[in-house]
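Commentary on secondary and tertiary structure
Listed below, chain by chain, are the residues.
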Amino acid sequence: MVFVNKTVLNASPDVPLLFLFLQLIIAVILLHVAALFSSRIEIPRWDYHTMKKLFPVVSINIVGLVFNMFCLREVEATFFQIARGLVLPLTISVASLTSHSHPTIRVIVAAATVTMGFFIGVAPEGSLPVSSIPSTISLFYGVFSSLCIAVHSVLVKSSLTYCNNSTIQLAYWTNAGSALLLSPFVLLLGEPAKLLELVSSSESNMNAFFWGTLVTGFFGFLLCVAGLLSIKVTSPVTHMFSSAARSVIQTLLGVWLFHDVLTINRVTSLLTILGGTMYYTWVKTTEQAQQSARPIDLEALRRDGDDKEVEEAGVVSEVREKAPDSE
């Protein structure tokens, strides 16, 4: 996805919003087509009450996508992937603030490691050619898009309740709503007219724009559903850390495909981010295993007077007792 987006933006840098708008429209069309062949895919009805409830998650989604696209247009693919590393500590911070909880020391260490990798990657280097040095505005695009992505990942779980806990319905609202919010800006910036100029120009590579739009629209739809499902069944922070690991791999492919400059600083940055990601994965796996093995004290819950919690805990305890021995 990143590489195809980069190819299209290189071929037509003046129409990034129109490119993003077409991707969203393709995703909406694919959802309607899929609904014709499967009863499991339910297209939600347009309802003002639901639209109002989902406005925060839809609006922060499109803002994050726009600045993400601007960042990718302005920088090399390698630096873009390094800039994405800042999403992780921001997600931890936003999740902690919204849930009024504190991450464990080991999670903080993992986040600090990833953050250190980010700053290593953006540190000035004298060996870089001028064309590879990121501008201040591109750094702003990267940081702001990271913040939007972090907020969006936290809002998704609370927004699922307004969509009957359906990731498909939320994917539809996200893509359709984002396209609706983006359309006025596409027209105000005159990007349709700019696209017509590119079509009439003999020097433009419209094949890259046409095929790139179709490919990114299709796989963007798949990634949107997969990403929402990942956040639904895991924590937002776990989802973002897995995304970071994928970004590191994508960076290495970016060097191969686009011949981006990969300096010692950037290699160190990528390895540091990957190390923090792997450490976090081990920490969360260990914590979840400990929570699963921890016995439930029903008597303590009864003393606290929470009948609902006692009932839920009793069901969990009963399931554990009836579960067959893994050995």
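So, how was this worked out
- Residues numbered from 1 in each chain as written.
- Predicted model: local features only at pLDDT ≥ 70, side-chain atom pairs only at ≥ 80, totals over all residues.
- Heavy atoms only, no water.
- Core = buried A, V, L, I, M, F, W, Y, C linked by side-chain atoms within 4.5 Å.
- Buried < 20%, exposed > 50% of the residue type's maximum accessible area, 1.4 Å probe, protein only.
- Helix = DSSP H or I, 4+ residues; strand = E, 2+ residues; numbered from the N terminus.
- Contact = heavy atoms within 4.5 Å.
- Salt bridge = Lys/Arg side-chain N within 4 Å of Asp/Glu carboxyl O.
- Phe/Tyr/Trp six-rings, centres within 6.5 Å; stacked < 30°, edge-to-face > 60°.

Digging into the nonpolar core
Of all hydrophobic cores here, the largest spans 29 residues; its most connected members are Leu 20, Val 66 and Leu 182. Listing elements by their share of this core, those giving two or more residues are α1 (2–11), α2 (16–37), α3 (48–74), α4 (77–83), α8 (167–188) and α9 (191–200). Those residues in contact with Leu 182 that lie beyond four places of it in its chain are Leu 17, Leu 20, Phe 21, Leu 24, Ile 62 and Val 66.

Quick look at the pattern of salt bridges
Counted by the stated rule, this structure contains one salt bridge. We note a salt bridge from Glu 74 to Arg 73, for which the minimum N-O separation is 3.2 Å. Glu 74 gets classed as partly exposed once you look at its relative accessible area, which sits at 39%. Judged by relative accessible area, Arg 73 falls into the partly exposed class, the value being 25%.

A short note on unusual backbone geometry
One non-glycine residue, Asn 164, lies in the positive phi region at around 55°. Within the secondary structure, Asn 164 is located in the loop between α7 (136–159) and α8. A positive phi is found at Asn 165, a non-glycine position, where the angle reads about 60°. Looking at the secondary structure, you find Asn 165 in the loop between α7 and α8. Of the residues examined, Asn 165 reaches a relative accessible area of 42% and is grouped as partly exposed.

A closer look at the packing of aromatic side chains
Evaluated as defined, the whole model comprises twelve aromatic pairs. Ring centres of Trp 46 and Tyr 172 lie 6.4 Å apart, and the angle between their planes is 70°; on these two criteria the pair is classed as edge-to-face. Of this pair, Trp 46 sits in the loop between α2 and α3 while Tyr 172 sits in helix α8, placing them 126 residues apart in sequence. Aromatic pair Phe 70 and Tyr 141: ring centres 5.4 Å apart, planes at 45°, arrangement tilted. Of the two residues, Phe 70 sits in helix α3 while Tyr 141 sits in helix α7, which places them 71 residues apart along the sequence. This pair shows no difference in class: Phe 70 is buried, exactly as Tyr 141 is. An aromatic cluster of at least three residues, connected via ring pairs, comprises Phe 67, Phe 70, Phe 140, Tyr 141 and Phe 144.

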